[in-house]
Amino acid sequence: MGIGSGNGKSILFGEHFVVHGANAIAGAITNKVIVKIKQAKKNSVRSNYEIIEKMSLDGVQNILNSMNVIDKYEIEIDGDLPTYGGLGSSAAFCVALTKAIANDKNIHLNESQINAHAYEGERAFHGNPSGVDNFISTHGGIYEFKRGKTQKENQFGKIEIKKPLTLVISFSGKYGATMKTVSEVRKLKEDDEEKFSQIMDEYSQIEEEAKKMLEKGKIDEIGKLMNSNQSLLKEIGVCDELNDKAINIALKHGAIGAKITGGGGGGCSIALVEDEKNAIDLNKKLNDAGFKSFVTKVG
Ligand code: PMV
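Heads up: these notes are all about the structure in this document.

Rules of the game
- Residues numbered from 1 in each chain as written.
- Predicted model: local features only at pLDDT ≥ 70, side-chain atom pairs only at ≥ 80, totals over all residues.
- Heavy atoms only, no water.
- Disulfide = S-S within 2.5 Å.
- Phe/Tyr/Trp six-rings, centres within 6.5 Å; stacked < 30°, edge-to-face > 60°.
- Buried < 20%, exposed > 50% of the residue type's maximum accessible area, 1.4 Å probe, protein only.
- Helix = DSSP H or I, 4+ residues; strand = E, 2+ residues; numbered from the N terminus.
- Expected span 1.5 Å × (residues − 1).
- Pairing = 2+ DSSP bridges.
- Near = heavy atom within 4 Å.
- Polar contact = N/O pair within 3.5 Å; in protein donor to acceptor, adjacent residues only side chain to side chain.
- Areas by Shrake-Rupley, 256 points an atom, 1.4 Å probe, with all protein chains shown as cover.
- 1 Å grid on protein atoms, 1.4 Å probe; cavity = no way out; pocket = protein on both sides within 12 Å on 5 of 7 lines; lining within 4 Å.
- Sits in = over half its atoms within 2 Å of the grid points.
- Nonpolar A, V, L, I, M, F, W, Y, C, P; charged D, E, K, R; others polar.
- Salt bridge = Lys/Arg side-chain N within 4 Å of Asp/Glu carboxyl O.

**Concerning the state of the cysteines**
According to the stated counting rule, one finds zero disulfides in the structure shown. Between Cys94, a cysteine without a disulfide, and Cys268, which holds the nearest cysteine sulfur, the sulfur-to-sulfur distance is 19 Å. Cys239 forms no disulfide, and the closest cysteine sulfur to it belongs to Cys268, at a distance of 13 Å.

**Describing the packing of aromatic side chains**
For the structure on display, the rule yields eight aromatic pairs. On the basis of an interplanar angle of 90° and a centroid distance of 5.0 Å, the ring pair of Phe135 and Tyr143 is categorised as edge-to-face. Under the relative-accessibility criterion, Tyr143 is labelled buried at 8%. Following the ring pairs from residue to residue traces out a cluster consisting of Phe135, Tyr143, Phe145 and Phe156.

**Focus on helix H2 (residues 89-105)**
Its 17 residues place the ends of H2 24 Å apart at the C-alpha level, agreeing with the 24 Å of an ideal helix rising 1.5 Å per residue. Counting buried positions along H2 gives 14 out of 17 residues, so the element sits mostly inside the fold. Phi turns positive one or two residues past the end of H2, at Asn106, with a value near 60°.

**Things to note about the pairing of strand E1 (residues 2-13)**
Taken across its 12 residues, E1 has nine buried, putting it largely inside the fold. Sheet analysis places E1 next to strand E2 (residues 24-40), joined by 10 bridges and oriented antiparallel. Counterpart to Ile3 in the pairing with E2 is Lys36.

**Points about the site of the ligand**
Neighbouring the ligand are the residues Lys9, Ile11, Glu15, His16, Val18, Val19, Gly86, Arg147, Thr178, Val182, Gly262 and Gly263. Note that an oxygen atom of the ligand is positioned 2.8 Å from one of the backbone N or O atoms of His16. For the ligand, whose free accessible area comes to 380 Å², the fraction covered by protein is 79%. Its atoms largely coinciding with the cavity grid, the ligand occupies the largest pocket. Listing elements by their share of the shell around the ligand, those giving two or more residues are E1 and helix H5 (178-191). A breakdown of the residues in the shell around the ligand according to their chemical character gives four nonpolar, five polar and three charged.

**Some details on the pattern of salt bridges**
Scanning the entire structure with this criterion turns up 17 salt bridges. The partner of Lys212 in a salt bridge is Glu209, and the shortest N-O contact between them spans 3.9 Å. Of this pair, Lys212 and Glu209 are both found in helix H6 (residues 193-216), three residues apart, which corresponds to roughly one turn of the helix. Its relative accessible area of 42% is what places Lys212 among the partly exposed residues. Judged by its relative accessible area of 31%, Glu209 is partly exposed. Across the salt bridge formed by Asp244 and Lys234, the nearest N and O atoms sit 2.8 Å from each other. Taken as a pair, Asp244 in helix H8 (residues 241-252) and Lys234 in helix H7 (residues 219-235) lie far apart in primary sequence, 10 residues in all. Residue classification places Asp244 among the partly exposed positions, given a relative accessible area of 23%. Here Lys234 falls in the partly exposed class, since its relative accessible area comes to 44%.

Any functional reading would require information beyond the geometric quantities listed.
Structural data, given as structure tokens:
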């Protein structure tokens, strides 16, 4: 018997810009996947997480191979992390499973080993993932990161924040537009390199400032910077009408800042709020408007 957990993540600043060389900022959210395992004749997965269930057996085998474990497991997935794209649920599953296997086999793994095994699992879900999701899920906290050509070349710098941020995350109901929006942004860049490079410069100033404000715990400033980041995301065309709707509701009902998180074109949006009470009120407003939303903390 073994048990393990892995946290989800949210990109706070820099989705899309990170693909073109800028730094991004992402943090672990409190919502997590919990995995319980027991040895069995063959691998099987049971959960309410439909997406993970369908795609996970290859991931399970990759992790077992990476850990040099020949046993098979009956795997039960639980927890409170939704599988809406962009929240790192497959990486959280891989981290949780790695820890559960280590727990069952009494193997001690350090964080960098957990991360490496989980990455092998992630490859079954995403082919050639950047490795950011499993890193954040393994290590927790908030990180500034720059993507390398391979996951080994990724650079992460921990941002020590004053206090955790409270977020309301809302899902538009539209899954998986990331590949489409990433390729649309690439086309936009090719069509007008100069304009794109100006936008990248503007974004980089926002990100530098955001890092400082996170360190100082200046929540109002962080919110404003999220809004500025969102304006640039709109300029590069990755927000659809559902993202706009969620963000407008958030800003109208007390959010300090709001933007998409992840690929956009639907997917998820985040709203930064002052405290738990604002979060609960806004969560209800978003739910009433048809979004699947929930309150979480980051960092
Ligand atoms: O939706 P997610 O969490 O996979 O984030 C996508 C982030 C992008 O910057 C849009 C793409 C990428 O590969 O970094």
